[in-house]
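Summary of structural features
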Amino acid sequence: MKKVNFYSLIALGLLSLPAAKVSAQDSTRMAKPEMSMSSNGKPMVFGGRAQYTTWNIGVNAGVLTPLVVFGSNDFTNKELNFGYGVSIRKQLGHAFGLQLDGVRGKLSASNVDAVGGVKNGARAFDTDLGYTATLSGVVNVATVDFIRRKNSVNFFVSAGGGIAGYAPKVTLANNTVVDFKDKAGPDRNNTYVHELIIPIGVGIKFRLSDKVAFNLGYTATFVDGDNLDGVNGGYPTKDKFSYGYGGFEFALGGKSKPNLDWVNPVAMMYDELKDSTLRITVDSLKGKVSAVETGVMDLKKDSDGDGVRDDLDKCPGTPAGTVVDGSGCEIKFPEPVVITPPAPPAPPVVVKKRTTRRTHHSRTKKHHTSTKMKRANK
């Protein structure tokens, strides 16, 4: 299970570099092309990583020793051995980058100065450091050089994690030699013992040109185990080793792009402020912004206060309090219709009957007639 975790760590580290590259590409796409360079063709402080060279590859060689500048060791007499390595770094900013390192070589020590030449049951060891593979964060702690316009010297620190494969060969007190190579692992069939390691380093870089640098560094590596020298004499103390090196680093990319490692942001910012064309551009942008703000205020203007902007108002100057439609024109409501109720009908005409009068008249007439007839008979 432990071995699987180590390999997973390395796989995660290897995958992080493409992810960082994708992130850089995304940030480049977001930046407008016209803002990536100043008017004189030089990089700008906030122009993005696309205007720089950000990939570096290095080779180095130096001295390996089975102890660090602090702490104890299982053997009394350390020995210096040759080591060499390679590195690949992706610079993510002016002061920070991610770096993959690989180192191999030899580690050895003896107990010549111990009583009888023996300590912890061993006389000497000779370990084949097959490889180390680590992913570290590298910080340029002195990236900004206020004296020089372009940095010439950078100090850096680094820390990370990874895995190491090694095979110790131990000479015991009775001069028997025990070699773990091709006999490592739980089944005794692995070439190397695999352990988690934590490298912590410091160094200094010298710029030889825009594309080449010379590095001097020291890395203290702490091993998650006490079998680097084949002796478990200091348990629970774990083994460690050091690598002091010098090497060259080469920037990958076009010649026209400066290396992000050597950029001085303070000097760049000064140049941008000093650039007259940049000031003219800034003033022009200020004028455009002011014009846009004025245009926006004009669009919001409503002279007659009817709630409809002037550019949409088809009936400007409507009196205050007038109800208007979406185009600013008065809404004319229809006049109310007054319905007059009909006049009440006239009262019916009562006709009086003259029956009585006729009777009286006929009686009178009959009376006169009878009177006449009487007179005639006489």
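Residues numbered from 1 in each chain as written. Predicted model: local features only at pLDDT ≥ 70, side-chain atom pairs only at ≥ 80, totals over all residues. Heavy atoms only, no water.

On to the packing of aromatic side chains, then. Following the criterion strictly, the structure yields five aromatic pairs and no others. With 4.9 Å between their ring centres and 50° between their planes, F75 and F125 make a pair best called tilted. Taken as a pair, F75 in the loop between β1 (55–65) and β2 (77–78) and F125 in strand β5 (residues 122–140) lie far apart in primary sequence, 50 residues in all. Residue F125 is classed as buried on the basis of its relative accessible area, which comes to 4%. When the ring centre of F156 is taken as reference, the NZ or CZ atom of K205 above it lies at 5.5 Å. (Phe/Tyr/Trp six-rings, centres within 6.5 Å; stacked < 30°, edge-to-face > 60°. Helix = DSSP H or I, 4+ residues; strand = E, 2+ residues; numbered from the N terminus. Buried < 20%, exposed > 50% of the residue type's maximum accessible area, 1.4 Å probe, protein only. Lys NZ or Arg CZ within 6 Å of the ring centre and 35° of its normal.)

Bridge count between β1 and strand β10 (residues 240–252): eleven bridges; the pairing is antiparallel. Across the sheet, residue I57 finds its bridge partner in β10, namely F250. One ladder, built from eleven bridges, connects strand β9 (residues 212–223) with β10; its direction is antiparallel. Bridge pairing links A220 to S242 in β10. (Pairing = 2+ DSSP bridges.)

Looking now at the pattern of salt bridges. This structure, assessed with the given rule, holds seven salt bridges. With a shortest N-O distance of 2.1 Å, D261 and R89 are connected by a salt bridge. Of the two residues, D261 sits in the loop between β10 and α2 (265–274) while R89 sits in strand β3 (residues 81–91), which places them 172 residues apart along the sequence. When sorted by exposure, D261 lands in the same class as R89, which is buried. With a shortest N-O distance of 3.6 Å, R207 and D210 are connected by a salt bridge. (Salt bridge = Lys/Arg side-chain N within 4 Å of Asp/Glu carboxyl O.)

Moving on, we come to the nonpolar core. Core analysis: the largest hydrophobic core is formed by 22 residues, its most contacted members being Y166 and F241. Contributions of two or more residues to this core are made by β4 (96–110), β5, β6 (153–172), β8 (193–207) and β10. (Core = buried A, V, L, I, M, F, W, Y, C linked by side-chain atoms within 4.5 Å.)

This brings us to a nonpolar patch on the surface. A surface patch of nonpolar side chains, about 680 Å² in accessible area, is lined by I57, V59, V86, I88, L208, F248, F250 and L252. If you list the elements that add at least two residues to the nonpolar patch, you get β1, β3 and β10. Per-element tally for the nonpolar patch: the top contributor is β10, with three residues. Mapped onto the elements of the fold, V59 is located in strand β1. (Patch = residues over 30% accessible without salt bridge, like charges linked within 9 Å, V, L, I, M, F, W, Y side chains within 5 Å. Areas by Shrake-Rupley, 256 points an atom, 1.4 Å probe, with all protein chains shown as cover.)

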